[in-house]
Amino acid sequence: MIPARAAVAALALLALAAASAGSARAVEVQKVVSDSGITAWLVEDHSNPILSVKLAFRGGAALDPEDKPGLANLVSATIDEGAGEMTSQEFQQALSQKAIKLSFGVGSDAFYGSLKTLTEHRDRAFELLELALTEPRFDAEPVQRIKSQIQVSLARQSQDPRSVANRTLDKLMFPDHPYGQPIDGTQASLRRITRQDLHDFVETRFARDRLMVGVVGDITPEQLKPLLDQAFADLPRTTGDVPQVADVQPKGAGETVVVQKNVPQSWVVFGHGGIARDDPDYYAASLVNYILGGGSFASRLFEEVREQRGLAYSVYTYLKPLDHSSVMGGGLGTGNAGVGKALEVVRREWRRMAKNGPTQQELADAKTYMTGSFPLRLSSTSNIASILVAMQQENLGMDYMNERRQLIESVTLDQAKRVAGELLSADELAVVVVGQPKGVEPTREAPQIGDGAS
């Protein structure tokens, strides 16, 4: 009988190979520079009258003041709640009347924006984007409304084992660094953030020298240039003195902490130092991660922890490269009685991969998946625009989408084995368990994450 993992993996690989064969085509990325010097990366697609724009400013939530985590997130949630002469309701009506979608978000290392519009309304769409970026109102009512919504979400997260576990792991690994602060803030920090803080954020953080833009859709370079100037030319050229985020190595190596919570199932997260995105071994590390736990049903951890022993309903690993650090981590959910055994199997597989690396077949299957699944991410203008911005963030070069397959295919078995040995260290895993676990001995008290969430 074929093992469940092998059967599912085989079907997935066949489907992806077929999808890849049907979708593979060169993607032409053009660099467009407006008359005022605004740069965007463009992929033309005139098959539909739609235009997608993604933008990012370098520097995200990690730049929040130490006593006001959540500032960048609050700006992202309120910046389109009124701008220029328009109140919140008027601004949202202006968007909806033209079916324009405008939204913002924030990560640890960047502030993001997203715009999608029909071709016929693109002039108005870029006008509204410019207003949001340069003249947000931050009126008292919408700011307080959004604050209340975030506070409700924080209260809900404080009761969710997975959220508590992830926040506790961040604090354990980055105790004295901005990466240890929650992106959405805390109840207390939200109360400290003023409307003036929001205005100051916009004035000091949005600048042309930190801007990256990706555009995909029904537009030519010459048509795009004046729109770039419309949206971004009024931004300052530089933000001047922006706080610097220090490079940091994750801490908590070998530590285990338990957050007691009266729930029938525990959530477990773990991690140690990872690999930088610009490291020449990054693609080998990505393949190793896929084989160990990133490949879901096709991974070793899924097979050993769930399929063979039924110890977890979910298990995964990930690579998380940040601008100033990196993490190799993972997690699992299991009944309280199985936590100790599940962690034992995870550590064993971590060691086995570090010692022996993947097999030739595992590496080949991982390459098939990672190359075959990528074309599926090019299925919408929004997705491609996001990739264009990510390419600029990571300095991947304009030909990355066409070169990615070769970068993955060129990884050798010897390289994958070496990288596995260098990357993975079971003894250095920092572990957080939220629940009432059996078979787990904490090595220290859990760090406090605020708002009674721990």
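Residues numbered from 1 in each chain as written. Predicted model: local features only at pLDDT ≥ 70, side-chain atom pairs only at ≥ 80, totals over all residues. Heavy atoms only, no water.

Under an unreviewed UniProt entry, the name given to the protein is Peptidase M16, and the source organism is Rhodovibrio sodomensis.

Time to look at the overall build of the protein. The secondary structure content of the protein amounts to 16 helices and eleven strands. Relative to the compact-globule value of 22 Å for 454 residues, the protein shows a C-alpha radius of gyration of 23 Å, a close match. Seen through its principal axes, the protein has C-alpha atoms that stretch 60 × 50 × 35 Å. Considering only contacts within the protein whose residues lie at least 6 apart along the sequence, 83% involve residues at least 24 apart. Measuring between centres, the 47 positive side-chain charges of the protein sit 6 Å from its 56 negative side-chain charges. (Helix = DSSP H or I, 4+ residues; strand = E, 2+ residues; numbered from the N terminus. Rg over C-alpha atoms; globule rule 2.2 N^0.38 Å. Contact = heavy atoms within 4.5 Å. Lys, Arg positive; Asp, Glu negative; His and termini not counted. Charge placed at Lys NZ, Arg CZ, Asp CG, Glu CD.)

We now examine the environment of Ala-446. On the secondary structure map, Ala-446 appears in the segment after strand S11 (430-435). The exposure class assigned to Ala-446 is buried, which follows from its relative accessible area of 17%. Residues Ala-446 and Leu-172 lie 274 residues apart in sequence; the distance between their C-alpha atoms is 7.7 Å. (Buried < 20%, exposed > 50% of the residue type's maximum accessible area, 1.4 Å probe, protein only.)

In this section: the pairing of strand S6 (residues 211-217). Counting buried residues in S6 gives seven out of seven residues, a clear majority hidden from the surface. Of the two faces of S6, the one lined by Leu-211, Val-213, Val-215 and Gly-217 and the one lined by Met-212, Gly-214 and Val-216 are each fully buried. When strand S2 (residues 39-44) meets S6, the two strands line up parallel, connected through four bridges. Note that in S6 the partner of Leu-42 across the bridge is Val-215. Note: strand S3 (residues 50-58) against S6, seven bridges, orientation antiparallel. Within S6, the position partnered with Leu-55 by the bridge is Val-213. (Pairing = 2+ DSSP bridges.)

Within the largest apolar cluster, 58 residues are counted, with the highest numbers of intra-cluster contacts made by Phe-270, Val-305, Trp-350, Met-401 and Leu-424. A per-element tally of this core places helix H10 (residues 282-294) first, with nine residues. Counting residues in hydrophobic clusters, the runner-up holds 53 residues, among them Val-32, Leu-95, Phe-138 and Ile-193. (Core = buried A, V, L, I, M, F, W, Y, C linked by side-chain atoms within 4.5 Å.)

Moving on: helix H15 (residues 400-409). The complete set of buried residues in H15 reads Tyr-400, Met-401, Arg-404 and Ile-408. One side of H15 carries all its buried residues, which in axial view fall inside an arc of 75°. At its buried positions, H15 is contacted by H10, helix H13 (360-373) and helix H14 (381-393). (Arc of directions from axis to C-beta.)

Moving on: the sheet that holds strand S4 (residues 101-106). Strand order in the open sheet formed by six strands is S1-S2-S6-S3-S5-S4, and the pairing between neighbours is mixed. Of all strands in the sheet, those with a lone pairing partner are strand S1 (30-33) and S4, marking the two edges. Going from strand to strand, the sheet's axes swing by 20° on average, the running direction of each strand aside. Here H14 sits on the sheet in contact with S2, S3, strand S5 (110-118) and S6, set at roughly 150° to S6. (Axes fitted to C-alpha atoms, helices over the stretch in contact; angles between N-to-C directions.)

Let us now look at the environment of Gln-187. The residue Gln-187 is located in helix H7 (residues 187-192) in this model. Placed 174 residues apart in sequence, Gln-187 and Gln-361 show a C-alpha to C-alpha distance of 50 Å. Of note is the side chain of Gln-187, whose polar atom sits 2.9 Å from the backbone oxygen of Gln-151. (Polar contact = N/O pair within 3.5 Å; in protein donor to acceptor, adjacent residues only side chain to side chain.)

Under the criterion given, the structure shown has 16 salt bridges. Put simply, Arg-124 and Glu-127 hold a salt bridge, and the shortest N to O gap is 3.1 Å. Residue Arg-124 and its partner Glu-127 are both found in helix H4 (residues 122-134); the two are separated by three residues, about one turn of the helix. What makes Arg-124 partly exposed here is its relative accessible area of 29%. The residue Glu-344 makes a salt bridge to Lys-341 at a minimum N-O spacing of 3.4 Å. (Salt bridge = Lys/Arg side-chain N within 4 Å of Asp/Glu carboxyl O.)

It is worth spelling out the UniProt feature "domain: Peptidase M16 C-terminal" (unreviewed entry) in the protein at this point. Taking the numbering used here, the UniProt-annotated feature "domain: Peptidase M16 C-terminal" (unreviewed entry) corresponds to residues 192-368. With 41% helix and 22% strand, residues 192-368 has end C-alpha atoms that lie 50 Å from one another. (UniProt positions renumbered as here; feature names shortened; annotations may be inferred.)

Here we come to the UniProt feature "domain: Peptidase M16 N-terminal" (unreviewed entry) in the protein. Here the UniProt feature "domain: Peptidase M16 N-terminal" (unreviewed entry) sits at residues 43-186. When the span residues 43-186 is considered, its composition is 43% helix and 18% strand, and the gap between its end C-alpha atoms is 40 Å.

This brings us to the pairing of strand S7 (residues 256-260). Most of S7 sits out of view: four of its five residues are buried. Of the pairings in the sheet, the one linking S7 to S11 comprises five bridges and is parallel in character. The partner of Gln-260 across the bridge, within S11, is Gly-435.

Now for the packing of helix H3 (residues 88-97) against H4. Where H3 meets H4, the closest approach of the two axes is 10 Å, and the angle between their N-to-C directions is 155°. Overall, the two elements H3 and H4 adopt an arrangement that is roughly antiparallel. Relative to H4, the crossing made by H3 is left-handed. In contact with Phe-91, Ala-94 and Leu-95 of H3, H4 contributes Arg-124, Leu-128, Leu-131 and Ala-132. Considered class by class, the residues forming the contact of H3 with H4 number six nonpolar, no polar and one charged. (Parallel < 35°, antiparallel > 145°, perpendicular 65-115°, else oblique. Left-handed = near helix turned anticlockwise from the far one by under 90°. Nonpolar A, V, L, I, M, F, W, Y, C, P; charged D, E, K, R; others polar.)

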